[in-house]
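Remarks on the overall topology
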Amino acid sequence: MKQAITMMILNLTATLAIAKGSRQENLLSISQGISSPSMTSTVNYSNGFTRENPVGVAYQTAARLSLQYDSGDNDASEKDDGHGGEFGIGNGRLGLAVGYYARNCDDCEGDTAGSMGFIWGGSGLGVRVTEDSYTVGFIAGAKGRHRLGLAADLYETEDDEDNVISYGVGYSYVESKFTFSVDASKLDYEDEAIDDDLIILTPGIAIRFHMAALSASYDMYINQDGDTDDSNENDLWFGFGVGGSRDWHLAVYGDYVNEWSLSGSLFF
């Protein structure tokens, strides 16, 4: 089923490829979002040990309302669906966004987060804050062809000696019709008894057309031991986007944050 849907998306993208390319960067998620973050789901969705770089909200050029839903199979017969939404506003240099997201949650509280980012003198700086975690991001050449991204997360646990810090670094080459990105991230546990040598390395590419874009990224787990569970297997995931940044945009992802993920945005 998934292969058939993937082929349909590829065929649709090929049909739209005859249209003139346009600069629709940062609408679709790619790699780990460290050097090329999205602006349509950067608060709630991410891939890797760090959150997406919060500088992504600075790419917003209008007010934005995004709704998100994801679903996947769970052999434990438990609910494995997530839902959320984001509201943001920006002028292409300064952006703000707040988001709410809940996963496997009936009659319980989800997570609320806020992100702020700005681009000045060619570089971008952003922060993301929740109740128990903080993210700082930086992108050199945030509007240029060559973009170097850095991100760091701090997750505070109830025990101050068990906090978790994650680091990320990435590079993106951005043209009007495509983006090539490679990001890497790593966890660092304060508890020295926990093995924290695992690194996620994710090369990815996004191809843009007039009204459509297609991205493909490959998560590779490095330095993992033989006892690693199935969730840390190397995996290819893809994204398909249609629309633009003026009126609306719809993104569909396979094996991104869940088996299937949707993010629909309205700009006004």
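Bear in mind the structure is a predicted one, so any value in this text is a computation, not a measurement. (Residues numbered from 1 in each chain as written. Predicted model: local features only at pLDDT ≥ 70, side-chain atom pairs only at ≥ 80, totals over all residues. Heavy atoms only, no water.)

So, about the overall build of the protein chain. Looking only at helices and strands, the protein chain features one helix and 14 strands. Looking at the 268 residues of the protein chain, the share that counts as buried comes to 46%. Considering only intrachain contacts with a sequence separation of at least 6, the fraction spanning at least 24 residues in the protein chain is 48%. As displayed, the protein chain has an accessible area near 13,300 Å², and 58% of this comes from carbon and sulfur atoms. (Helix = DSSP H or I, 4+ residues; strand = E, 2+ residues; numbered from the N terminus. Buried < 20%, exposed > 50% of the residue type's maximum accessible area, 1.4 Å probe, protein only. Contact = heavy atoms within 4.5 Å. Areas by Shrake-Rupley, 256 points an atom, 1.4 Å probe, with all protein chains shown as cover.)

With burial as the criterion, only one face of strand β8 (residues 164-174) is covered, namely that bearing Val164, Ser166, Gly168, Gly170, Ser172 and Val174; the residues Ile165, Tyr167, Val169, Tyr171 and Tyr173 on the opposite face remain uncovered. In terms of strand pairing, β8 meets strand β9 (residues 178-189) through eleven bridges, oriented antiparallel. Directly across from Tyr173, in β9, lies its bridge partner Phe180. Remark: three residues form the turn of the hairpin made by β8 and β9, two consecutive strands paired antiparallel. (Pairing = 2+ DSSP bridges.)

Turning our eyes to something else, we now look at the packing of aromatic side chains. Applying the stated criterion across every chain yields a total of eight aromatic pairs. A network of ring pairs unites the aromatic residues Tyr45, Tyr101, Trp237, Tyr253 and Tyr256 as a single cluster. (Phe/Tyr/Trp six-rings, centres within 6.5 Å; stacked < 30°, edge-to-face > 60°.)

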